[in-house]
Amino acid sequence: MIKSFLFILILLFLTATQVSSAGNHSYAGTFQIMNQNSKKLLDVAGASLEDYAPINQFQNNGGRNQIWSLYLEGSPLRRIYSLISAKSGKAMDNPGFSKEAGTQMQQCTYNGGDNQLFVIISAGDGSAYMKNVASGLYLGIKGASKENDAHLNQEKFNGGSNQRFYFIPFSE
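Quick notes on the rules
Residues numbered from 1 in each chain as written. Predicted model: local features only at pLDDT ≥ 70, side-chain atom pairs only at ≥ 80, totals over all residues. Heavy atoms only, no water. Helix = DSSP H or I, 4+ residues; strand = E, 2+ residues; numbered from the N terminus. Buried < 20%, exposed > 50% of the residue type's maximum accessible area, 1.4 Å probe, protein only. Polar contact = N/O pair within 3.5 Å; in protein donor to acceptor, adjacent residues only side chain to side chain. Contact = heavy atoms within 4.5 Å. Pairing = 2+ DSSP bridges. Phe/Tyr/Trp six-rings, centres within 6.5 Å; stacked < 30°, edge-to-face > 60°.

Draft legend 1. Structural context of the side chain of N94. Looking at the secondary structure, you find N94 in the loop between β6 (91-93) and β7 (106-108). According to the relative accessible area criterion, N94 is buried, its value standing at 0%. Here Q154 takes part through its side chain, which lies 3.2 Å from a polar atom of the side chain of N94. Every residue in contact with N94, bar those within four places of it in the chain, is listed here: T103, M105, N115, N132, A134, S135 and Q154.

Draft legend 2. Expanded view of the environment of V119. Of note, V119 is situated in strand β8 (residues 118-122). Owing to a relative accessible area of 13%, V119 belongs among the buried residues under this scheme. Beyond its immediate chain neighbours, meaning those up to four positions away, V119 contacts R78, R79, I80, Y129, M130, K131 and V133.

Draft legend 3. The arrangement of the pairing of strand β4 (residues 68-72) in detail. Where strand β1 (residues 29-35) lies against β4, three bridges are found, and the strand directions are antiparallel. Pairing of T30 across the sheet is with S69, part of β4.

Draft legend 4. Expanded view of the packing of aromatic side chains. For the coordinates displayed, the defined rule picks out four aromatic pairs. Ring geometry for Y129 and Y138: centres 6.1 Å apart, planes at 85°, overall edge-to-face. Accessibility assignment for this pair places Y129 and Y138 in one class, buried. Linked through ring pairs, Y129, Y138 and F157 together constitute an aromatic cluster.

Draft legend 5. Highlighting the pairing of β8. With four of five residues buried, β8 is to be regarded as a mostly interior element. Sheet topology places strand β5 (residues 80-85) next to β8; two bridges connect them, and they run antiparallel. From the neighbouring strand, I80 faces β8, where its bridge partner is V119. A loop of five residues connects β8 with strand β9 (residues 128-132), the two strands running antiparallel in sequence, and G124 in this loop sits at a positive phi of about 85°.

And the structure:
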């Protein structure tokens, strides 16, 4: 009986301390998020502090609107995160829980809804995909654009570099 109890305790401990993402990388922390295709950072447009401000890509300008804190939501085994702008304190958001491909992401006050939660999936090359929990669609830069201000949209999975992102650890 004691051996069984100890085994269960050890199993629970190992499960709770497992790395929270695919491979050996935990995405919880503070990052700049760079698109693999364009080499530009995810950016809250105009460094806005307001709800509903769009999320685009933009060249690195050192702004806090290009820094994101990722918070693990629930079990590490689920790999689900909220992404919070360091500038505004607002969450990356799929407006209206949209299930439509082409919907642009925005920032909005955190509410914990599935529209503000993302599964981060290793692409196996150091980059990762982000999939919105509410829609099941993947985030990508519209049209694989390399231009500043190109939209961050949700779209069907295509495996392209416009849907792959590098999470670059950031510390001040």
